[in-house]
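Single-letter residue listing:
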Amino acid sequence: MNRGTLLIHNGHDRDPATGALGTTIYQTSTFYRKKITEMQEFDYSRGANPTRKVLEETIAALEGGAKGYAFGSGMAAISSVIGLFATGDHILAAEDIYGGSRYIMDTFYRRWGLSSTAVDTSDPDAVRRAIRPDTKALYLETPSNPLLKITDLAACLDLAREANLISIVDNTFMTSYLQQPIALGADIVVHSATKFLGGHSDVISGLAVTRTEELGQRLYQIQNSFGAVPGPWDGWLVIRGIKTLKVRMDAAQKTARRLAEWLLTHKNVAAVFYPALEGHPGRRIHESQASGAGAMLSFKTKTTEQALRFFDRVTLAATAPSLGGVETIASYPVKMSHINMPVEDRERLGITDTLIRIAVGLEDAEDLIADFDEALA
Ligand SMILES: *Cc1c(COP(=O)(O)O)cnc(C)c1O
């Protein structure tokens, strides 16, 4: 099946018991034991729940992995995955990963004896040089947040395999519809399902998919023991969101491209970051590993005052954290997603106070352009 079809026909789209096309919400914490000596698939909902199982099998199929696991948030998925590592292990991570992922590596996990270093993964040679004898994981995100830098997945994942590292890719921005890192060699894919997969700004949820059964079993132990699982209702919202992912992504990325091209021509805009733009340094690599440029873009105004005024004036785009919903969201990385990043690091990475990140939604492009035109005037 093609990806668009797979999003809808997930193997659970017809309930054999009732014929229901909609997924049943099993709002239950426990299941009675039919025979005291026999273990059952469903016993207690922290370990397994039928609604969650639909979501887990759906995301595993979409990513082409052996096992999928659902969590109460993207950060719950990511911190559970990092729980696979032990004191003394070193994690090599892209320098511009999601701020929350960086934060847990630099604080809690550091305290528990895991070290991590940040590297510019858009340069595979820099990745090669940064691998140490104690390195156990390579953590990637492409396009990156908020500057949409591109990492060559195949090249970096090859390096990880040669060095025996577990590779992890945060696929939130692209989603399984546009990019499938496991096919390129990744061991684990993580998602904030809060974003495009859920798609309606109404649920916090996270997912992880493993390439192998073995890695899946290890992650399952963490999911079941730490218990950062979503409730059936939240799982159901993500299941429903995934069914419209293709049409939402197709529409949003079309508008994103128009908006990016329009921003390039604006006199108060100093730079635009969007992987489909001619001048984007990672464009060719991105095109080789993803089937679309996505709905995230960022741009820099010429002055800080222009950026602050943009947020005061913009009306159609909501000023908020998050992304991937039906409504366009404008966010300010230095005061939102990257507020915990040391200023020196932000400056070095180009996350300046003129930088504005846009998560393009499903409004008509003309209306968004008119809104931005007023906000940037
Ligand atoms: C939002 C986000 C996360 C964290 O997910 P939550 O659902 O907010 O916990 C992780 N990675 C990326 C790329 C994100 O955008």
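Note that the structure is a prediction, hence the values are computed from the model and not measured.

Parameters at a glance
Residues numbered from 1 in each chain as written. Predicted model: local features only at pLDDT ≥ 70, side-chain atom pairs only at ≥ 80, totals over all residues. Heavy atoms only, no water. Buried < 20%, exposed > 50% of the residue type's maximum accessible area, 1.4 Å probe, protein only. Helix = DSSP H or I, 4+ residues; strand = E, 2+ residues; numbered from the N terminus. Polar contact = N/O pair within 3.5 Å; in protein donor to acceptor, adjacent residues only side chain to side chain. Near = heavy atom within 4 Å. Areas by Shrake-Rupley, 256 points an atom, 1.4 Å probe, with all protein chains shown as cover. Nonpolar A, V, L, I, M, F, W, Y, C, P; charged D, E, K, R; others polar. Axes fitted to C-alpha atoms, helices over the stretch in contact; angles between N-to-C directions. Left-handed = near helix turned anticlockwise from the far one by under 90°. Contact = heavy atoms within 4.5 Å. Phe/Tyr/Trp six-rings, centres within 6.5 Å; stacked < 30°, edge-to-face > 60°. Pairing = 2+ DSSP bridges.

(A) Structural detail: helix α3 (residues 74–82). When you tally the buried positions in α3, you get seven out of nine residues, the bulk of the element. Among the residues of α3, the N-terminal cap falls to Ser 73, whose side-chain oxygen and the backbone nitrogen of Met 75 are separated by 3.4 Å.

(B) Inspection of the site of the ligand at higher detail. Close to the ligand lie 14 residues, the nearest being Met 75, Asp 170, Ser 192, Thr 194 and Lys 195. Interatomic distance of 2.9 Å between a backbone N/O atom of Gly 74 and an oxygen atom of the ligand. Here Ser 192 contributes a side-chain N or O atom positioned 2.8 Å from an oxygen atom of the ligand. About the coverage of the ligand: the protein hides 93% of its 390 Å² of free accessible area. Top element by residues in the shell around the ligand is α3. It accounts for three residues. Partitioning the shell around the ligand into residue classes produces five nonpolar, six polar and three charged.

(C) Just the packing of α3 against helix α4 (residues 99–106), in detail. The N-to-C vectors of α3 and α4 enclose an angle of 35°; their axes lie 10 Å apart at closest approach. The way α3 lies across α4 gives a crossing that is right-handed. From α3, Met 75, Ile 78, Ser 79 and Ile 82 reach across to α4, where they touch Gly 100, Ser 101, Ile 104 and Met 105. Across the contact of α3 with α4, the residue classes tally to five nonpolar, three polar and no charged.

(D) Structural view of the side chain of Asn 268. Following the sequence through the fold, Asn 268 ends up in the loop between α11 (245–264) and β8 (269–273). A polar contact is formed between the side chain of Asn 268 and the backbone oxygen of Leu 376, at a distance of 2.7 Å. Setting aside its immediate chain neighbours within four residues, Asn 268 contacts Lys 300, Thr 301, Lys 302, Gln 306, Leu 376 and Ala 377.

(E) Quick look at the packing of aromatic side chains. In this structure the tally under the stated criterion is 10 aromatic pairs. With a centroid separation of 5.4 Å and an interplanar angle of 85°, the aromatic rings of Tyr 109 and Trp 112 are classed as edge-to-face. Judged by centre distance (5.5 Å) and plane angle (90°), the rings of Phe 310 and Phe 311 are edge-to-face. Residue class for Phe 311 comes out buried when judged on its relative accessible area of 13%. Cluster of aromatic residues (ring-pair linked, three or more members): Phe 299, Phe 310, Phe 311, Tyr 332 and Phe 372.

(F) The arrangement of the environment of Cys 156 in detail. Along the chain, Cys 156 falls in helix α7 (residues 153–162). Considered as a pair, Cys 156 and Thr 121 are 35 residues apart in the sequence and their alpha carbons are 7.7 Å apart. Sequence-distant contacts of Cys 156, that is, excluding residues within four places in its chain, are made with Thr 121, Pro 124, Val 127, Leu 138, Leu 140 and Thr 151.

(G) Highlighting the sheet that holds strand β11 (residues 329–331). Ordered by their spatial adjacency, five strands build an open sheet running β8-β9-β12-β11-β10, and the pairing between neighbours is mixed. Taken across any chain shown, the strands that pair with only one partner, and hence form the sheet edges, are β8 and β10 (318–319). The pairing of β8 with strand β9 (residues 296–301) spans four bridges and is classified as antiparallel. Looking at the pairing, Val 272 lines up with Phe 299 of β9.

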